[in-house]
Amino acid sequence: MKKRRLSFWEIWNMSFGFFGIQFGFALQNANVSRIFETLGARVEDIPILWIAAPITGLIVQPIIGHLSDKTWNGFGRRRPYFMIGAIFTTLALYIMPNSPSLWIAAGMLWIMDASINISMEPFRAFVGDNLPSEQRTMGFAMQSFFIGTGAVIASALPYILTNWFGISNTAAEGVIPESVKLSFYVGGVVLIASVLYTVLTSKEYSPEELAAFEEEKEKSTGIKTVIKTPVTSGQFMKRGVIWTLIGIATTFIIKSFRLAEDNGQLYIISGLLLVFGLILIISGLITKNNNRPQGMVGIMNDLLHMPKTMGQLAVVQFFSWLSFYALWIYTTPAITQHIYGTTDSTSLLYNQGANWVGVLFAVYNAVSAISAFLLPVIARQIGRKATHSIALAFGGVSLISLFFIKDPNMLVIPMIGVGFAWGSILSMPYAILTGSLPANKMGTYMGIFNFFIVIPQILAASILGFITRELFNGQVILTLVLAGCSLILGALSLSIVQDKDDVYKLKR
């Protein structure tokens, strides 16, 4: 009993929905900071407005992963969640650019990101469910291709509408330009259509078939899934008290040293530590009366029993996503300030710079799409770890080089390295991780893995504004240099990761 090798077009069909999801996600990444500034946000306040996105992912993805692991009906296991998320994301894309105030726009970002996460999380588990081990790198690379392709078009769309079709790119103060509004409307149509295509053209294995595949894998490879003893009430309580005390101590330090006088975002970090501690304590109280790990307790149990490879990849993910979160929220103000010499969001010069940032984002996403087919080939020759390490280092050096560039056209060159790193981030960690996960908890662990994407984003939203203002004296370009250094640290941290399922390693 072994999973059938899928054809190129079958992998294409099951991944095509990511084209639409990333189309919407890229519109969000490239234009939301612009919308916030247009509605009156100061550049140092932008990170806290973006905090909705990672916090939403932190909550939504593990829940959706856990629920999809337990779902099986006439519509499938993961596919119902694809459609639910797509419908709500489409609605949010139509409402966001029509927000009458800054806080309504921030709220719509929250709703949009929650909806995107509902669709996105099961797509990762979908690859683990449907593909044999030797095709998983290709499966995640195909997702990366569609992510890059969707993002290329979406990122450049305002520029295309303005320069090719004459749609207005400027508006009165506090009003979103028509080019941005129309881009979001197009994004809604593309998203719902592409997800629907994947739902109608793909099939899923039943839970019974997946269990049989897992049993055969253990027989043929000798790698067995170790079933760990559920976390006891006492263990939950002990760890919960420790994390709660860490949260209290962090709050005390922030207050005592007056670290949050001009940066209240720092309290988000201590607040999350407190919340995590309290969730563990609550899980311990629930376990006293019911020792079956279900719902929230089940997710916490799986988190504390995560596979070793996941814990090692967490370090790599931390540095990788800290960097790209800084890239998304700071590229527009960094380029318009450093290259175009303006911070006036109503000026023609600023909007020219903002549109050029959209083109730059399109370039790095185009490179990531192309690299999706190159990365599996490299991985077969030198291994997935070495491939990912090279890609991250290349991206880090490219981001640092932005500081030395003054000609806008020359910015295209470092975007090649950024795109290569992004293509690897979207595929290699998941290909490495999937081989260490039990089939019946694929969705749950993919959701938990999202913690290590979200936590660095929350940290970035909490401290980057402070760092940019106080340490870099408002020179936003230095924040992107810091992001480059973070990517290089991610490349170095891959040395600690174990990849037992690597095709290159198994061949040797």
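Before reading on, note that the structure itself is shown above.
Only a predicted model underlies this, so the values are computations on that prediction, with no experimental measurement involved.

Engineer: Got a minute to help me understand the overall build of the protein in this structure?
Structural biologist: When helices and strands are counted, the protein shows 21 helices and zero strands. Here the C-alpha atoms of the protein give a radius of gyration of 22 Å, agreeing with the 23 Å that 2.2 N^0.38 yields for 508 residues. The principal-axis extents of the C-alpha atoms in the protein amount to approximately 65 × 55 × 45 Å. Residues counted as buried form 58% of the 508 residues belonging to the protein. Put simply, of all contacts in the protein between residues at least 6 apart along the chain, 82% involve residues at least 24 apart. Accessible surface, the protein as shown: approximately 20,400 Å² in total, 67% of it carbon and sulfur. Separation of charge centres in the protein, based on 35 positive and 27 negative side chains, amounts to 9 Å.

Engineer: It is not clear to me how the pattern of salt bridges should be interpreted in this structure. Could you clarify?
Structural biologist: Side chains that differ in sign of charge can pair as their charged atoms come close. Scanning the model with the defined rule gives 10 salt bridges in all. Put simply, Arg78 and Asp69 hold a salt bridge, and the shortest N to O gap is 3.1 Å. Linking Glu204 and Arg79 is a salt bridge whose minimum nitrogen-to-oxygen distance equals 3.1 Å. On the criterion of sequence distance, the pair formed by Glu204 in the loop between α8 (178-201) and α9 (207-221) and Arg79 in helix α5 (residues 79-95) is long-range, its members being 125 residues apart. Judged on exposure class, the residue Glu204 and its partner Arg79 are both buried.

Engineer: Got a minute to help me understand the nonpolar core in this structure?
Structural biologist: Met96, Met310, Phe324, Trp328, Tyr364 and Trp422 are the most contacted members of the largest nonpolar core, which totals 122 residues. Of the residues forming this core, the biggest block, 15 residues, is contributed by helix α13 (residues 308-338). The contacts of Trp328, once residues within four sequence positions are left out, are Phe25, Asn29, Ser33, Trp321, Phe361, Tyr364 and Trp422.

Engineer: Please clarify how a nonpolar patch on the surface should be interpreted in this entry.
Structural biologist: A cluster of nonpolar side chains, contributed by Ile84, Ile87, Phe88 and Leu91, occupies part of the molecular surface with about 370 Å² of accessible area. Looking at where Leu91 falls in the secondary structure, it is placed in helix α5.

Engineer: Can you walk me through the side chain of Ser371 in this structure?
Structural biologist: With respect to the element layout, Ser371 can be found in helix α14 (residues 348-382). Residue classification places Ser371 among the buried residues on the basis of a relative accessible area of 2%. From its side chain, Ser371 meets the backbone oxygen of Ser368 in a polar contact 2.8 Å long. Sequence-distant contacts of Ser371, defined by excluding residues within four places in its chain, comprise Pro376, Gly419, Phe420 and Gly423.

Engineer: Before we go on, may I ask you to explain the environment of Ile467 in this structure?
Structural biologist: Structurally, the position occupied by Ile467 is in helix α19 (residues 451-471). Ile467 sits in the buried class, given a relative accessible area of 13%. Counting along the chain gives 12 residues from Ile467 to Thr479, while the straight-line C-alpha distance between them is 7.9 Å. Once residues within four sequence positions are removed from consideration, Ile467 is found in contact with Phe472 and Leu482.

Engineer: Explain the packing of helix α2 (residues 17-38) against α8 here, please?
Structural biologist: Helix packing geometry: the angle between the two helix axes and the distance between the axes. Closest axis-to-axis distance for the α2/α8 pair is 6 Å, and the angle between their directions is 160°. Looking at the two axes, α2 sits roughly antiparallel to α8. By crossing handedness, the relation of α2 to α8 is classed as left-handed. Where α2 abuts α8, its residues Gly17, Phe19, Gly20, Ile21, Phe23, Gly24, Leu27, Asn31, Arg34 and Ile35 lie against Val180, Ser183, Phe184, Val186, Gly187, Val190, Leu191, Ser194, Val195 and Thr198. In the contact of α2 with α8, the residues fall into 11 nonpolar, eight polar and one charged.

Engineer: Before we go on, may I ask you to explain the environment of Ser283 in this structure?
Structural biologist: By the secondary structure assignment, Ser283 is in helix α11 (residues 266-289). The class for Ser283 is buried, based on a relative accessible area of 0%. In contact with Ser283, not counting residues within four places along its chain, are Phe236, Met296, Val297 and Met300.

Engineer: Looking at this structure, how should I read the packing of aromatic side chains?
Structural biologist: One pair of aromatic rings is described through two measures. These are the centre distance and the angle between the planes. Using the criterion set out here, one finds 32 aromatic pairs in the structure. Judged by centre distance (5.1 Å) and plane angle (65°), the rings of Phe16 and Tyr197 are edge-to-face. Residue Phe16 is located in the loop between α1 (8-15) and α2, and its partner Tyr197 is located in helix α8; the two are separated by 181 residues in the primary sequence. Residue classification places Phe16 among the partly exposed positions, given a relative accessible area of 21%. Consider the rings of Phe123 and Phe126, whose centres lie 6.4 Å apart with planes at 85°: the pair is edge-to-face. Pair noted here: Phe123 and Phe126 are both in helix α6 (residues 102-130), with a separation of three residues, about one helical turn. Look at Phe123 and you get buried, because its relative accessible area is 0%. With a relative accessible area of 0%, Phe126 lands in the buried category.

Engineer: Before we go on, may I ask you to explain helix α7 (residues 133-165) in this structure?
Structural biologist: Owing to its 3.6 residues per turn, the α-helix brings residues three or four apart onto one side. Helix length check: α7 (33 residues) gives 46 Å between terminal C-alpha atoms against 48 Å at 1.5 Å per residue, within 8%. Positive phi shows up at Gly166, right after α7, with a value of about 70°.

Engineer: Would you take a moment to explain the environment of Gly484 for this structure?
Structural biologist: As for its position among the elements, Gly484 is in helix α20 (residues 477-493). Classification of Gly484 by relative accessible area gives buried; the value is 0%. Taking the C-alpha atoms as reference, Gly484 lies 29 Å from Gly20; in sequence the two are 464 residues apart. For Gly484, the residues in contact, after removing those within four places along its chain, are Ser323, Gly396, Leu399 and Ile400.

Engineer: Would you mind going over α20 with me for this structure?
Structural biologist: Compared with the 24 Å implied by 1.5 Å per residue over 17 residues, the 25 Å span of α20 between its first and last C-alpha is a close match. Taken together, the buried positions of α20 are Ile477, Thr479, Leu480, Val481, Ala483, Gly484, Ser486, Leu487, Gly490, Ala491 and Ser493. Packed against the buried residues of α20 are α13, α15 (384-401), α16 (412-425) and α19.

Engineer: Looking at this structure, how should I read the packing of α2 against α13?
Structural biologist: Close contact between α2 and α13 brings their axes to 8 Å; oriented N to C, the two are set at 40°. The angle between α2 and α13 falls in the class oblique. As α2 runs across α13, the sense of the crossing is right-handed. Contacts between α2 and α13 involve Phe25, Asn29, Ala30 and Ser33 from the first element and Trp328, Ile329 and Thr332 from the second. When its residues are assigned to classes, the contact of α2 with α13 shows four nonpolar, three polar and no charged.

Basis of the calculations
- Residues numbered from 1 in each chain as written.
- Predicted model: local features only at pLDDT ≥ 70, side-chain atom pairs only at ≥ 80, totals over all residues.
- Heavy atoms only, no water.
- Helix = DSSP H or I, 4+ residues; strand = E, 2+ residues; numbered from the N terminus.
- Rg over C-alpha atoms; globule rule 2.2 N^0.38 Å.
- Buried < 20%, exposed > 50% of the residue type's maximum accessible area, 1.4 Å probe, protein only.
- Contact = heavy atoms within 4.5 Å.
- Areas by Shrake-Rupley, 256 points an atom, 1.4 Å probe, with all protein chains shown as cover.
- Lys, Arg positive; Asp, Glu negative; His and termini not counted.
- Charge placed at Lys NZ, Arg CZ, Asp CG, Glu CD.
- Salt bridge = Lys/Arg side-chain N within 4 Å of Asp/Glu carboxyl O.
- Core = buried A, V, L, I, M, F, W, Y, C linked by side-chain atoms within 4.5 Å.
- Patch = residues over 30% accessible without salt bridge, like charges linked within 9 Å, V, L, I, M, F, W, Y side chains within 5 Å.
- Polar contact = N/O pair within 3.5 Å; in protein donor to acceptor, adjacent residues only side chain to side chain.
- Axes fitted to C-alpha atoms, helices over the stretch in contact; angles between N-to-C directions.
- Parallel < 35°, antiparallel > 145°, perpendicular 65-115°, else oblique.
- Left-handed = near helix turned anticlockwise from the far one by under 90°.
- Nonpolar A, V, L, I, M, F, W, Y, C, P; charged D, E, K, R; others polar.
- Phe/Tyr/Trp six-rings, centres within 6.5 Å; stacked < 30°, edge-to-face > 60°.
- Expected span 1.5 Å × (residues − 1).

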